[in-house]
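# Observations on chain architecture
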Amino acid sequence: MTNIKVEVMGEQCARLIIEDVLPLTRLSRSSINLLIRGSRFPAPVKVARPSRWVADNVRQHMADAEAAR
């Protein structure tokens, strides 16, 4: 796994930018956007520019996707 920098806010809730989500999921930006539109991927949280994903939500999505295989 790559060495990913995360922003920690509030209750130790790590936020990932898209550049961190892409290598984690091995998906393209367009694939992630399509999955978000279809409610099959966690939506980002607009904190500032750029949008950020809650790391636990991304990890849970990956675990669920792996279990479905």
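Since this is a predicted model, take the numbers as computed values, not measurements.

Turning to the overall build of the protein chain, a few remarks are in order. Scanning the protein chain for helices and strands turns up three helices and three strands. When its helices and strands are written in sequence order, the protein chain yields β-β-α-α-β-α. Within the protein chain, buried positions represent 28% of all 69 residues. Long-range contacts, defined as pairs at least 24 residues apart, comprise 35% of the intrachain contacts of the protein chain with a sequence gap of at least 6. Carbon and sulfur atoms make up 50% of the accessible area of the protein chain, which amounts to about 5,100 Å² in all.

Turning next to the nonpolar core. In this structure, Ala14, Leu16, Ile18, Val21, Leu22, Leu24, Ile32, Leu35, Phe41, Trp53, Ala55 and Val58 together form the largest nonpolar core, which totals 12 residues. Taken together, the elements giving at least two residues each to this core come down to strand S2 (13–16), helix H1 (18–25), helix H2 (29–37) and helix H3 (55–68). Per-element tally for this core: the top contributor is H1, with four residues.

Turning to unusual backbone geometry, a few remarks are in order. With phi around 60°, Arg26 is a residue other than glycine that occupies positive phi space. With respect to the helices and strands, Arg26 occurs in the loop between H1 and H2. Classification of Arg26 as exposed rests on a relative accessible area of 78%.

Counting all residues, the mean pLDDT for the protein chain is 84, and 83% of those residues have values of 70 or more. Mean pLDDT values for the elements of the protein chain range from 50 in strand S1 (residues 7–9) up to 96 in H2.

With that out of the way, let us pick up H3. Taking 1.5 Å as the rise per residue, H3 with 14 residues should run 20 Å; its terminal C-alpha atoms sit 20 Å apart, in good agreement. Of the positions making up H3, those classed as buried are Ala55, Val58 and His61. All buried residues of H3 lie within an arc of 130° about the axis, which places them on one face of the element. Relative to its buried face, H3 has exposed residues pointing more than 90 degrees away, namely Ala67 and Ala68. On its buried side, H3 packs onto S2, H1 and strand S3 (53–54).

Definitions and limits used
- Counting of residues starts from 1 at the beginning of each chain's written sequence and follows it residue by residue.
- Side-chain atom pairs in this predicted model are given and counted only at pLDDT of 80 or more, local residue features only at pLDDT of at least 70, and totals for whole chains, interfaces and linings cover all residues.
- As a convention, hydrogens and water are excluded, and side-chain values are obtained from all of the structure's heavy atoms.
- Each helix is a run of DSSP H or I of at least 4 residues and each strand a run of E of at least 2, with the numbering of both proceeding from the N terminus.
- Burial here depends on accessible area, computed with a 1.4 Å probe over protein chains only, as a share of the maximum for the residue type. Under 20% is buried, over 50% is exposed, and the range in between is partly exposed.
- By definition in these notes, contact holds between two residues if any of their heavy atoms fall within 4.5 Å.
- Residue exposure ignores everything except the shown protein chains as possible cover, and the areas themselves are Shrake-Rupley values with a 1.4 Å probe.
- Nine residue types can take part in a nonpolar core, namely buried Ala, Val, Leu, Ile, Met, Phe, Trp, Tyr and Cys, and a core is a set of them joined through side-chain atoms within 4.5 Å.
- What pLDDT expresses is the predictor's confidence in each residue, scored from 0 to 100.
- For a helix, the expected span equals 1.5 Å multiplied by the residue count minus one.
- Directions pointing from the helix axis toward each C-beta atom define the arc.

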